[in-house]
Amino acid sequence: HVVSVKEALEGKVEVGSKVEVRGWVRTRRDSKAGISFIHVTDGSCQAPIQAVAPNTLGNYQNEVLHLTTGASLIVRGTLVQSQGKGQAFEIQADEVVVLGLVDDPETYPLQPKQHTAEFLREQAHLRPRSNSFGAITRIRHAAAMAIHRFFTEQGFVWVNTPIVTASDAEGAGQMFRVSTLDALKPPRTPEGGVDFGQDFFRKEAYLTVSGQLNVEAYCMAMSKVYTFGPTFRAENSNTTRHLAEFWMIEPEIAFANLSDDAELAEAFLKAIFKAVLNERRDDLAFLDSTVGKGIVTQGGLIARLEAFVQSSFERVDYTDAIEMLKKSKKKFEFAPEWGNDLQTEHERFLAEEHIGRPVVVMNYPEQIKAFYMRMNDDGKTVAAMDVLAPGIGEIIGGSQREERLDMLDARMRKMNLEPEHYGWYRDLRRYGSVPHAGFGLGFERLLVYICGLGNIRDAIPYPRVPGWAQF
Ligand code: ATP
Ligand code: MG
Ligand code: MG
Ligand code: MG
């Protein structure tokens, strides 16, 4: 009966029954009585299961004594109640099959206290085996599944938007180029025939910065849609909050305004946090226990998420937020000024100190927001919102979209974008346009918040940043 470590530890099989566990050695300890205590993990949960094995076992006599951290094995035996403290069940081993020993047991793995986040990011074999990355990886999975479940339950349809695109969805010139500049020159084949080359069919092609424009087209047909996929930005990713490749969640709702959008954002965040609290409490508690010693820099994870779920979001107008910042006694590095974007220090002050719970800031000056956001009646602000969370600042950016073609064109021209480049997007305003709204949320930003991480690079299995490792 093959079981996962999690199933064995939770007593999913009857005590006294025969089980088989497959995994890797976390630690081995030997008793004088010729018994080895092997802690085995398989990634299914934080805790290892203890296998109690006579050290005569193995593929040859006493092979058990060669097992070191990281070695792979199969343990067959009987699931029994554990006498030791810390775990309820253990395996009384009859058979140990060693699959792979470790090449250099003297140095693998280095002592846990020597593992810095930077070191682990460059060790593809070691990073996922560390306790912290095991926990983050499981939390990431639980959050991703909760996101799909939330939208499905609310009647949304998941739309996969293109990764390779020609549209600059943000109009901010942050797209990585896929095709080379040669792509637009005449074909290289001597006969003048078709040369597909590697330049994406000789078209100017880029990696997407956001699926929003594409998802809007489907919103104008399916009413409630979302995209959840990889996104790329050619910007300075030498920060603790930016990656060159990250995953974005972008819902879009039709027949909706900014207030509906804020409501959706609140329900969404709470549902995801609730699911993670329910499903991965063990991993959250483990990460919490490592605050300040590893990659977790903010503690009280469970309490923070529970408080978030209980809170009701405050809504503040951008103009009022600027007034609050100006009236505060706080010394900011950048003085708050109407017309400038809020800095992270401003955002954190509002959410943490001034208001003390999540805040939705609404109606930003048009000059600091993207071209697709809807112009308000005041002619100065657009129907944009940012959701600010205590402990991190901006976590979500969203808006009601400009559904009026003349207004959209005017805004594009003002921002030096050429409406002709967005023909298909403009068409959405020509054939049964309706008010609609949506938001974008960086999945890794969300994980930084959930896990209390000091650096966004530790929220993704393979971080892509300047000087990224080769794998
Ligand atoms: P920031 O001000 O932090 O640079 P932004 O305003 O440029 O963010 P948006 O264009 O509003 O970001 O994108 C929506 C969301 O995507 C953000 O709220 C954030 O969660 C996430 N995000 C943006 N850029 C990155 C990045 N480089 N790495 C990871 N997540 C990102
Ligand atoms: Mg940015
Ligand atoms: Mg911002
Ligand atoms: Mg933003």
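Described in the following lines is the structure provided in the data block. Please read these numbers as outputs of a predicted model, since none were measured by experiment. (Residues numbered from 1 in each chain as written. Chains lettered and ligands numbered in written order. Predicted model: local features only at pLDDT ≥ 70, side-chain atom pairs only at ≥ 80, totals over all residues. Heavy atoms only, no water.)

## Section: the overall build of the protein chain
If you tally the helices and strands in the protein chain, you get twelve helices and 15 strands. If you line up the protein chain on its principal axes, its C-alpha atoms span 85 × 70 × 45 Å. Across the 471 residues in the protein chain, those meeting the buried criterion constitute 51%. Put simply, of all contacts in the protein chain between residues at least 6 apart along the chain, 66% involve residues at least 24 apart. With the model as given, the accessible surface of the protein chain reaches about 22,300 Å², and the carbon-plus-sulfur share is 52%. For the protein chain, the separation between the mean place of its 53 positive charges and that of its 62 negative charges on side chains is 3 Å. (Helix = DSSP H or I, 4+ residues; strand = E, 2+ residues; numbered from the N terminus. Buried < 20%, exposed > 50% of the residue type's maximum accessible area, 1.4 Å probe, protein only. Contact = heavy atoms within 4.5 Å. Areas by Shrake-Rupley, 256 points an atom, 1.4 Å probe, with all protein chains shown as cover. Lys, Arg positive; Asp, Glu negative; His and termini not counted. Charge placed at Lys NZ, Arg CZ, Asp CG, Glu CD.)

## Some details on the site of ligand 1
For ligand 1, the set of nearby residues contains 16 residues, the closest of which are Arg 233, Glu 235, His 242, Glu 394 and Arg 445. Between Arg 233 and ligand 1, the recorded distance is 2.9 Å, taken from a side-chain N or O atom to an oxygen atom. Within the residue set of the shell around ligand 1, elements represented by two or more residues are strand 10 (245–254), strand 14 (393–400) and strand 15 (436–442). The element contributing the most residues to the shell around ligand 1 is strand 14, with four residues. In terms of residue class, the shell around ligand 1 is made up of six nonpolar, four polar and six charged. (Near = heavy atom within 4 Å. Polar contact = N/O pair within 3.5 Å; in protein donor to acceptor, adjacent residues only side chain to side chain. Nonpolar A, V, L, I, M, F, W, Y, C, P; charged D, E, K, R; others polar.)

## Some remarks on the pattern of salt bridges
For the coordinates displayed, the defined rule picks out 30 salt bridges. The closest approach of N and O atoms between Lys 270 and Glu 266, which form a salt bridge, is 2.8 Å. In this pair, Lys 270 and Glu 266 both sit in helix 5 (residues 258–279), four residues apart, roughly one turn of the helix. We note a salt bridge from Glu 352 to Arg 348, for which the minimum N-O separation is 2.8 Å. Here Glu 352 pairs with Arg 348, and both are found in helix 9 (residues 344–354), just four residues apart, close to one helical turn. Using a relative accessible area of 31% as the deciding quantity, one classes Arg 348 as partly exposed. Each of Glu 20, Arg 22, Arg 76 and Glu 95 takes part in a single network of salt bridges with overlapping partners. (Salt bridge = Lys/Arg side-chain N within 4 Å of Asp/Glu carboxyl O.)

## Side note on the nonpolar core
Counting 95 residues, the largest nonpolar core has Phe 268, Leu 269 and Leu 446 as the members making the most contacts within it. The biggest single contributor to this core is helix 5, with eleven residues. Excluding residues that lie within four positions of it along the chain, Leu 446 makes contacts with Ile 147, Leu 269, Ile 272, Phe 273, Ile 395 and Leu 441. Judged by nonpolar contacts, the second largest core, of 33 residues, contains Met 175, Ile 322, Leu 350 and Tyr 364. (Core = buried A, V, L, I, M, F, W, Y, C linked by side-chain atoms within 4.5 Å.)

## What about the pairing of strand 10?
Taken residue by residue, a regular strand's side chains alternate between the two faces of the sheet. Most of strand 10 sits out of view: eight of its ten residues are buried. Both strand 9 (residues 224–232) and strand 10 contribute to a ladder of nine bridges, which runs antiparallel. Note on strand 10: the bridge partner recorded for Phe 232 is Glu 245. Bridging between strand 10 and strand 15 involves five bridges; their strand directions are antiparallel. Within the sheet, the bridge partner assigned to Glu 252 lies in strand 15 and is Gly 438. (Pairing = 2+ DSSP bridges.)

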